[in-house]
Amino acid sequence: MGYRHTKQDILDGAFAAALDDGLSSLTFGRLAKRLGINDRTVVYYFPTKDHLITDVVTSMGLHLQQTLGDAFSTPAVDHVELARAAWPVLARVETDPIFALFFEANGLAAAGRAPYDALVPQLIDAWIDWLMSLLTGTSEKRRAEAEAVIAVIDGLLLLRQLAGPASAERAAERLGITTRRT
């Protein structure tokens, strides 16, 4: 009997394909070809494209959370403190592809495309909950600060994607998130 692909193998391949070519290009046929398997194998584990997209977007969110995990060693007082910890970890060439994928998912959600229109708000809510656990203060204050850090960081990262790293660094400096590197 030959090698059997696991659901995780296929999901890892789908995530890599999405990073390389974008979510809009992810199809069963292209994924199967990339992995050197029959597209029926992909369908066995992911009965619909929505199932596949859901797991890819979920993997993206977990990857981003793991990337940030090490940056947050102690509870923060406010969004600026969290943003200062996060920015150096996120504003790197290595993270640019995942944020390109993240912003593609955001655009598809904003355009009302299923399943993104349901997935991305769930992802944002999960990040707000996670960030709240990294902040001090009342529940109301922690929620507002978590929302603020997402707004600031996502804005800076979108600027980085569209206008380039230097533009994002200038904006981060102006916002008090970082100081210019010399």
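To be clear, the structure that these remarks concern was listed above.
Keep in mind that what you see is a predicted model, and the values were worked out from it rather than measured.

Engineer: Explanation requested: the pattern of salt bridges in the structure shown.
Structural biologist: Two side chains of opposite charge can pair, provided their charged atoms sit close to one another. Evaluation of the coordinates by the stated rule reveals five salt bridges. E94 is the salt-bridge partner of R92, the closest N and O atoms lying 2.9 Å from each other. Overall, the relative accessible area of 32% leaves R92 in the partly exposed class. The partner of D96 in a salt bridge is R160, with the nearest N and O atoms 2.7 Å apart. With a gap of 64 residues between them, D96 in helix α6 (residues 96-110) and R160 in helix α8 (residues 139-163) connect regions that are remote in the sequence. On the basis of relative accessible area, R160 is assigned to the buried category, the value being 8%.

Engineer: Can you walk me through the environment of A16 in this structure?
Structural biologist: If you trace the backbone, A16 turns up in helix α1 (residues 7-21). Overall, A16 belongs to the partly exposed group, its relative accessible area being 28%.

Engineer: Honestly, helix α4 (residues 49-69) in this entry has me stumped. Any pointers?
Structural biologist: Every α-helical turn comprises 3.6 residues, leaving residues that sit three or four positions apart pointing alike. Here α4 is 21 residues long and its end C-alpha atoms lie 30 Å apart, about the 30 Å a rise of 1.5 Å per residue gives. Within α4 the residues assigned to the buried category are L52, I53, V56, V57, M60, G61, L64 and L68.

About the criteria used
- Residues numbered from 1 in each chain as written.
- Predicted model: local features only at pLDDT ≥ 70, side-chain atom pairs only at ≥ 80, totals over all residues.
- Heavy atoms only, no water.
- Salt bridge = Lys/Arg side-chain N within 4 Å of Asp/Glu carboxyl O.
- Buried < 20%, exposed > 50% of the residue type's maximum accessible area, 1.4 Å probe, protein only.
- Helix = DSSP H or I, 4+ residues; strand = E, 2+ residues; numbered from the N terminus.
- Expected span 1.5 Å × (residues − 1).

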